[in-house]
Amino acid sequence: MQRKKLSVSTTHIILFSFLGAILVGAVLLCLPISSADGNATPFVDALFTATTSTCVTGLVVAPTFSTWSYFGQAVILLLIQIGGLGIITIMSGIMVLFHKKMGINDRLLLQDAFNLNSLSGLIRFIKKVIKGTFIIEGIGALLYMTVFVPEFGLKGIWISVFTAISAFCNAGLDIIAENSLCNYATNPIINIVTCLLIILGGIGFIVWWDVLRVLKQPRQKRRLWANLTLHSKIAICATLILIFTGAAFIMLFEYNNPLTLKEYSFFDKLQISLFQSVTTRTAGFATIAQENLTDSSAIVCILLMFIGGSPVGTAGGVKTVTFAVILASAIACVRNQSNTNIFNRQITKAAISKALTVVFISFSIVFISTLLLSLVCDASALDIMYETVSAAATVGLSRNLTASLGGMGKLIIIATMYLGRVGPISLAIAFNFKKQNPDLIKDPIEEISVG
């Protein structure tokens, strides 16, 4: 009798690689050398910190700047970089660096890790991603140094590097103060650099190369927008609309709020509102205390967090392109149109089905997490939902709830962060054990009433 072989797909490997990185990081953070006071950290707190770092979320049970030693901070930063790029990407980059040949299995891993539709040009793509990441993070660190070095001295170099990597990877962790970037709410350099790093990391790597591709062609450069791919157009438009619409609503709802914007000048109100809108997708830095936001602003931020950034980037959420496809499909349905079109291009039924699946699974994760956390946590429904959406979308913003979580609450958020980071589609594929064979016999079709 033949034994059934355990089938391990590329998706399973990706899921287990993130889990492995989290567990190794947790063990390292448990060591006395990792803590600022030299004492061993409780495993659940180390596990929470390793998860929030690897999943580039940013929720913390204790202030990063005062809890961890330089060694602990270095471990956290490494986990952030691994989480932002993906452990598969980093290992592939090392193979490329040492001129190791990549087989078809390695290429399939990369294709799944980046959610790409083709194996063509993967090695070149990886090289550009890693090189582009380090260049942008380096420029960001240098710009941060103009503020942090005069203030903190040589320590400002480490703070600048840490903040730049954390911002680009959309992690939201910092080693500056307990209140995140609130002390720099009106600093234009910090606001601009952080927002740009968040947007560049969250817009998606394939958008970068598409824009650069067009700019390198003299004939195409004159018609930049027309020569971009449909994906890039949707990602750029959705990102800009969400940022400015979100900022407008936040400024409107917080304009006369004495706990947030009331005492600031109009220009400062504008930059704080823009920063809040950007950071909710999905960075986790804060220049105003989230618990001081009005309920209206909090609801807007929950929606922005749930949508998140764009595909094939460092951001989380259901993604801008997913949201745009579902919105366009709904509009087509209302208009009684048989096809869904965006920018005069037809969206495939497969893309619409995938978008619906992503949203449904993400919503299910948030719903179950919110329900479970409400059972073990004594807090308002809004604060709990803010926490769970932030965790599932790997944002890292909290209405001052994370630090007060008990052991069970921490485990719920840990699971939510992990499930949110590995992605709804990866989960669906990983737990689909049915053998994929074409259906030879199809069930009959029957009409139903919907809506």
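Basis of the calculations
Residues numbered from 1 in each chain as written. Predicted model: local features only at pLDDT ≥ 70, side-chain atom pairs only at ≥ 80, totals over all residues. Heavy atoms only, no water. Salt bridge = Lys/Arg side-chain N within 4 Å of Asp/Glu carboxyl O. Helix = DSSP H or I, 4+ residues; strand = E, 2+ residues; numbered from the N terminus. Buried < 20%, exposed > 50% of the residue type's maximum accessible area, 1.4 Å probe, protein only. Core = buried A, V, L, I, M, F, W, Y, C linked by side-chain atoms within 4.5 Å. Contact = heavy atoms within 4.5 Å. Axes fitted to C-alpha atoms, helices over the stretch in contact; angles between N-to-C directions. Parallel < 35°, antiparallel > 145°, perpendicular 65-115°, else oblique. Nonpolar A, V, L, I, M, F, W, Y, C, P; charged D, E, K, R; others polar. Expected span 1.5 Å × (residues − 1). Patch = residues over 30% accessible without salt bridge, like charges linked within 9 Å, V, L, I, M, F, W, Y side chains within 5 Å. Areas by Shrake-Rupley, 256 points an atom, 1.4 Å probe, with all protein chains shown as cover. pLDDT = per-residue confidence, 0-100.

## Description of the pattern of salt bridges
- Applying the stated criterion to the full structure yields 3 salt bridges.
- Its salt-bridge partner being Lys410, residue Asp45 comes within 2.7 Å of it at the nearest N-O pair. One end of the pair, Asp45, is in helix H2 (residues 43–54); the other, Lys410, is in helix H19 (residues 407–422), with 365 residues separating them in the sequence.
- Since its relative accessible area comes to 19%, Asp45 is described here as buried.
- Since its relative accessible area comes to 13%, Lys410 is described here as buried.
- With a shortest N-O distance of 2.5 Å, Asp383 and Arg399 are connected by a salt bridge. A residue pair is termed long-range when its members are at least 10 positions apart, and Asp383 in helix H18 (residues 381–392) and Arg399 in the loop between H18 and H19 qualify at 16 residues. For the pair Asp383 and Arg399, one class covers both residues: buried.

## Here's the deal with the nonpolar core
- Formed by 82 residues in total, the largest nonpolar core has its most connected members in Ile80 and Phe205.
- In terms of residue count, helix H7 (residues 122–152) provides more of this core than any other element does, 9 residues in total.
- Not counting residues up to four positions away in its chain, the partners in contact with Ile80 are Ser53, Val56, Phe162, Ile165, Ser166, Cys169, Ala171 and Leu173.
- With 24 residues, the next largest nonpolar core counts Met305, Ile361, Leu382 and Leu397 among its residues.

## Here's the deal with the packing of helix H8 (residues 155–168) against helix H9 (residues 188–202)
- Contact geometry for H8 and H9: axes closest at 7 Å, N-to-C directions at 40°. Viewed along their axes, H8 and H9 adopt a mutual orientation that is oblique. Mapping the contact onto sequence places Ala164, Ala167 and Phe168 in H8 and Thr194, Leu197, Ile198, Leu200 and Gly201 in H9.
- For the contact of H8 with H9, a count of residues per class yields 6 nonpolar, 2 polar and no charged.

## A word on H18
- The terminal C-alpha atoms of H18, which comprises 12 residues, lie 16 Å apart, in line with the 16 Å expected from a rise of 1.5 Å per residue.
- A large share of H18 lies buried, amounting to 10 of its 12 residues.
- Turning to H18, its buried residues are Leu382, Asp383, Ile384, Tyr386, Glu387, Thr388, Val389, Ser390, Ala391 and Ala392.
- The positive-phi residue at the C-terminal boundary of H18 is Thr394, with phi of around 50°.

## A word on the environment of Ile272
- Topologically, Ile272 is positioned in helix H14 (residues 266–279).
- Along the primary structure Ile272 and Asn187 are separated by 85 residues, whereas in three dimensions their C-alpha atoms are 9.7 Å apart.
- In this view, Ile272 contacts Ala185, Leu261, Tyr264, Thr287 and Ile288; residues no more than four positions away in its chain are not counted.

## As for a nonpolar patch on the surface
- A cluster of nonpolar side chains, contributed by Phe363, Phe367, Ile368, Leu371, Leu372, Leu375, Val376, Met408 and Leu411, occupies part of the molecular surface with about 900 Å² of accessible area.
- Of the residues forming the nonpolar patch, the biggest block, 7 residues, is contributed by helix H17 (residues 349–376).
- Among the structural elements, Ile368 can be located in helix H17.

## As for the confidence of the model for the protein
- Here the protein averages 86 in pLDDT, while 83% of its residues score no lower than 70.
- In the predicted structure, residues 1–7 sits below a pLDDT of 50 and forms 1 contact with residues beyond four places in sequence or in another chain.

## Focus on the packing of H17 against H19
- Following both chains from N to C, one finds H17 and H19 inclined at 170°, their axes separated by 9 Å at the closest point. In terms of orientation, H17 lies roughly antiparallel with respect to H19. Each of Ile365, Ser369, Leu372, Leu373 and Val376 in H17 lies in contact with H19, whose residues at this interface are Met408, Gly409, Ile412, Ile413, Thr416 and Leu419.
- A class-by-class count of the residues in the contact of H17 with H19 yields 8 nonpolar, 3 polar and no charged.

## What about unusual backbone geometry?
- Here Arg281 and Thr282 are connected by a cis peptide whose omega angle stands at -5°.
- Its place among the elements puts Thr282 in the loop between H14 and helix H15 (295–307).
- With phi around 90°, Lys319 is a residue other than glycine that occupies positive phi space.
- Structurally, the position occupied by Lys319 is in the loop between H15 and helix H16 (320–334).
- One non-glycine residue, Phe343, lies in positive phi territory at about 50°.
- Along the chain, Phe343 turns up in the loop between strand S1 (340–342) and strand S2 (345–347).
- Relative accessible area serves as the criterion here: at 36%, Phe343 is assigned to the partly exposed category.

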